[in-house]
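Listed here are the chains, written in short residue letters.
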Amino acid sequence: MRIVIAEDDPLLREGVALLLRAEALDVVATTDSPATFLAAVDAHQPDVAVVDVRMPPTHTDEGIKAAVEARRRRPGLAVLVLSAYVEHAFAAELLAGGADRLGYLLKERVGRVEQFLDALHRVAAGGTAIDPDVVAQLLTRIRPDSALERLTSREGDVLALMAEGLGNTAIAERLYVTEGTVHKHIRNIFAKLDLAPTDRTDRRVTAVLRYLEETQRRV
């Protein structure tokens with residue numbers, strides 16, 4: 001796994017690099033600005049990019065814009081975004097290109113090494129990893145007329161865990177139910193969100209995108 005890190009805080013940047021190298025992962029470049037990050041993506045063709053939301057020169061959304069551009073330049077690039085805060089609008093901008101191979105974590109998760117590495121491997125494998133605190137805040141922003149209002153409380157819990165990127169086994173363990181029960185809830189979610197099975201659509205990804213799109217509209 002080839003990784004590029006874009007983070008303007010030198011301590012965090014080098015700390016993440018050391019952590020990943022200690023796990024025998026190939027950190028091919030560390031950068032401190034959007035321009036050098038994009039140059040590194042072009043030069044090294046990484047599998048994964050770890051990117052800070054707020055970068056120079058204005059420390060607003062430069063990291064998000066660079067991540068979007070990196071995914072445009074290198075289709076299939078997995079991106080794990082790090083943010084000090086839950087920034088709904090910035091998350092929506094990144095998610096507009098699709099939720100596959102995408103993670104959005106609060107920086108405090110980096111110190112929880114197992115969770116951070118799990119998220120990294122999840123997005124590298126083509127999945128999604130949305131920070132639980134981000135999901136929790138988005139849940140409070142659902143419109144009364146949203147299609148998500150059709151879901152029961154437990155179905156909402158299952159969809160929220162799907163948005164975090166958990167598989168059925170992990171969801172069952174988190175909710176202390178059987179995998180069969182999780183399958184049933186997911187079938188109900190697909191039906192209530194009018195997601196019919198097709199050969200061209202991954203309904204699980206579509207459900208997560210619907211969830212994220214609906215909740216982002218509360219911003």
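Quick notes on the rules
- Residues numbered from 1 in each chain as written.
- Predicted model: local features only at pLDDT ≥ 70, side-chain atom pairs only at ≥ 80, totals over all residues.
- Heavy atoms only, no water.
- Helix = DSSP H or I, 4+ residues; strand = E, 2+ residues; numbered from the N terminus.
- Expected span 1.5 Å × (residues − 1).
- Buried < 20%, exposed > 50% of the residue type's maximum accessible area, 1.4 Å probe, protein only.
- Contact = heavy atoms within 4.5 Å.
- UniProt positions renumbered as here; feature names shortened; annotations may be inferred.

A. Spatial organisation of helix 7 (residues 153–164). In this model, helix 7 (12 residues) spans 17 Å end to end at C-alpha, consistent with the 16 Å of a helix rising 1.5 Å per residue. Among the 12 residues in helix 7, 9 count as buried, and that is most of the element. Burial in helix 7 covers these residues: Glu 155, Gly 156, Val 158, Leu 159, Ala 160, Leu 161, Met 162, Ala 163 and Glu 164. Among the residues trailing helix 7, Gly 165 stands out with phi positive, at a value near 105°.

B. Representation of the side chain of Thr 31 in the model. Mapped onto the elements, Thr 31 comes out in strand 2 (residues 26–31). Excluding anything up to four places from it in sequence, Thr 31 contacts Ile 5, Ala 6, Glu 7, Arg 13, Thr 36, Phe 37 and Ala 40.

C. Broad picture of the environment of His 44. Positionally, His 44 belongs in helix 2 (residues 34–44). Excluding its chain neighbours within four sequence positions, the residues that come into contact with His 44 are Arg 2, Val 28 and Ala 29.

D. Representation of the UniProt feature "modified residue: 4-aspartylphosphate" (unreviewed entry) in the protein chain in the model. Listed under "modified residue: 4-aspartylphosphate" (unreviewed entry) in the UniProt record, and renumbered for this structure, are Asp 52. Following the sequence through the fold, Asp 52 ends up in strand 3 (residues 48–52). Residue Asp 52 is classed as buried on the basis of its relative accessible area, which comes to 3%. Beyond its immediate stretch of four places on either side in the chain, Asp 52 contacts Ala 6, Glu 7, Asp 8, Gly 63, Leu 82 and Lys 107.

E. Region of the structure containing the side chain of His 185. By the element assignment, His 185 lies in helix 9 (residues 179–192). For His 185, a relative accessible area of 15% puts it in the buried group. Those residues in contact with His 185 that sit more than four places away from it in its chain are Arg 154, Glu 155 and Val 158.

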